[in-house]
Amino acid sequence: MEEQMLNNEALQYLDEAMFTSSLISKKDRAKGQTDWDNVYPRTKAETQRMAELLEKANEVVEDPNDEDYRERYNSLAEIVDWSQKRHRTWMWSLIAGALLGAGIFYYYQNEQKKKIAEAQAEQAQVEEWTEEKVGQTTWESCPDEHSNNAYSIRLTSAGKYKTYKLINLKKYALGCDNRAKDWQQRADTATLEENKEKYLKNLATENERATNYRAEYDSINAMDYAQVHEMAKTDLANHVNSEESHGKTLRNYMIYLLILIPLYIITGYPHGYTITRHTRRTGCLNIFRKVGFAIASFCFGAGLAMSLLPDYKVKTYYSDGSTRTHTEGNVLNFLILFLKFGLMIIGAFIFCFVSSIVMTVETISGLYNNFNWSGWFRKLVPARQAAQPAEPAN
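Residues numbered from 1 in each chain as written. Predicted model: local features only at pLDDT ≥ 70, side-chain atom pairs only at ≥ 80, totals over all residues. Heavy atoms only, no water.

### Some thoughts on the overall build of the protein
Of regular secondary structure, the protein possesses 14 helices and two strands. Taken over 394 residues, the protein has a buried fraction of 32%. In the protein, 78% of the contacts between residues at least 6 apart in sequence involve partners at least 24 apart. Total accessible area on the protein stands at roughly 25,700 Å², and carbon and sulfur atoms take up 56% of it. (Helix = DSSP H or I, 4+ residues; strand = E, 2+ residues; numbered from the N terminus. Buried < 20%, exposed > 50% of the residue type's maximum accessible area, 1.4 Å probe, protein only. Contact = heavy atoms within 4.5 Å. Areas by Shrake-Rupley, 256 points an atom, 1.4 Å probe, with all protein chains shown as cover.)

### Structural notes on the packing of helix α2 (residues 8-18) against helix α4 (residues 44-60)
Relative to each other, α2 and α4 sit at 170°, their axes nearing to 8 Å. Judged by the inter-axis angle, α2 sits roughly antiparallel to α4. Of the residues in α4, those in contact with E9, A10, Y13, L14, E16 and A17 of α2 are R49, M50, L53, L54, K56, A57 and V60. Partitioned by chemical class, the residues of the contact of α2 with α4 number nine nonpolar, no polar and four charged. (Axes fitted to C-alpha atoms, helices over the stretch in contact; angles between N-to-C directions. Parallel < 35°, antiparallel > 145°, perpendicular 65-115°, else oblique. Nonpolar A, V, L, I, M, F, W, Y, C, P; charged D, E, K, R; others polar.)

### Side note on the packing of aromatic side chains
Tallied over the entire structure, the rule returns 11 aromatic pairs. On the basis of an interplanar angle of 20° and a centroid distance of 5.4 Å, the ring pair of F105 and Y253 is categorised as stacked. Note that F105 is positioned in helix α6 (residues 92-127) and Y253 in helix α10 (residues 225-266), a separation of 148 residues in sequence. Measuring from ring centre to ring centre gives 5.0 Å for F293 and F351, while their planes differ by 55°; the resulting arrangement is tilted. With F293 in helix α12 (residues 279-305) and F351 in helix α13 (residues 333-369), this residue pair connects regions lying 58 residues apart in the sequence. Sitting over the face of the ring of Y164, R154 holds its NZ or CZ atom 6.0 Å from the ring centroid. A cation over a ring is seen here: K170 above W139, with NZ or CZ 5.6 Å from the ring centre. (Phe/Tyr/Trp six-rings, centres within 6.5 Å; stacked < 30°, edge-to-face > 60°. Lys NZ or Arg CZ within 6 Å of the ring centre and 35° of its normal.)

### Focus: the confidence of the model for the protein
Per-residue confidence for the protein gives a mean pLDDT of 87; residues scoring 70 or more make up 86%. Ranking the helices and strands of the protein by mean pLDDT puts α10 first, with 96, and helix α1 (residues 2-6) last, with 50. (pLDDT = per-residue confidence, 0-100.)

### Notes on the environment of A158
With respect to the element layout, A158 can be found in helix α8 (residues 158-189). You can call A158 buried: its relative accessible area is 0%. In the structure, A158 is positioned 67 residues away from Y225 in sequence and 6.5 Å away in space, judged by C-alpha atoms. Among residues more than four places away in sequence, those in contact with A158 are W129, E132, V134, Y225 and V228.

### Looking at the nonpolar core
Within the largest apolar cluster, 20 residues are counted, with the highest numbers of intra-cluster contacts made by W129, Y161 and V228. Mapped by element, the contributors of at least two residues to this core are α8, α9 (193-221) and α10. The element that contributes the greatest number of residues to this core is α8, accounting for six residues. Contact partners of Y161, with chain neighbours within four places excluded, come to W129, R154, L155, V228, M231, A232 and D235. Core analysis: the second largest hydrophobic core is formed by 18 residues, L14, A17, M50 and I79 among them. (Core = buried A, V, L, I, M, F, W, Y, C linked by side-chain atoms within 4.5 Å.)

### Here we look at the packing of α6 against α10
Closest axis-to-axis distance for the α6/α10 pair is 8 Å, and the angle between their directions is 165°. Here α10 runs roughly antiparallel to α6, going by the angle between their axes. Both α6 and α10 take part in a crossing whose hand is left-handed. Residues belonging to the contact of α6 with α10 are distributed by class as follows: 23 nonpolar, nine polar and seven charged. (Left-handed = near helix turned anticlockwise from the far one by under 90°.)

So this is what it looks like as structure tokens:
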């Protein structure tokens, strides 16, 4: 008891240090007790305050070997030490997901280059058209379905391109008419007024679309060679721009992931108090990562497991009494193969998507919290001001 009285002032400092964190609620402060997890400081200032209080306790303690004092002091000192240090939070699995994603984007970017080249070749083909007489096709005589090679030959001449466009528009218009009839039938047989109103609204939409397609048909049908040629050049220019834009998007995502990886590693060493401050966000990201990786593993694993499905064993009997056993492929194996690769691709994409989302959030948070940007800017401002030439006196 005498030793405890001697250490009373030091214990008061320890009590104050224990309740430094802003995680502790007013209710817990009033009771004078809280969960140990709430003792961890959330900011640099709180960590420094705890360290100062521990130092003061160590200065005034009469008996540093007192068991109660030493146990509490060591526990709080460990919290301060952990909060002041930086800890590695980045994960190899997320980096692997980002690298896989960059590889996927690189592959599809190269595939997109082929599509861009094809679109540019089609554009050049249209530019080389020779002038011809382009006739008109009445609505009644226009087919509503393309021939087998219609798409491949549509760019060989203005006439074929015009016919291709007209057939498309008639097919679209007839599709709207069929859907309009369906909505009309539903409206006629509807028993609820709200459903009837919805069906009639859809009917009006389909009728409007059909009217627009017919008007566009009439407009293109009236075009001469020069107008058809100009329309085709515009269509192909838009197609080339679309393919190039898609290629740039793939390239930009690839570059983004390649830049994200080093930034994620650099920012993946937060102070302990920063980890404490973002415990809830980290917990949510961990749940998102674990669930996403579990789904990706299931899809990828299910795809691999399908490779183990056996073929049929067939036993053949011959007239001389001999037999021969061989395997034959299951007729469903082609569908299974398609499903297998589909599941593996889905698993890979989920793995990459989850990795990129978690890394992006962690990197942005790390850039904001792990570096003293304001301090650096304050140092730069005076240096810039000093570097500016003085204004001449009037």
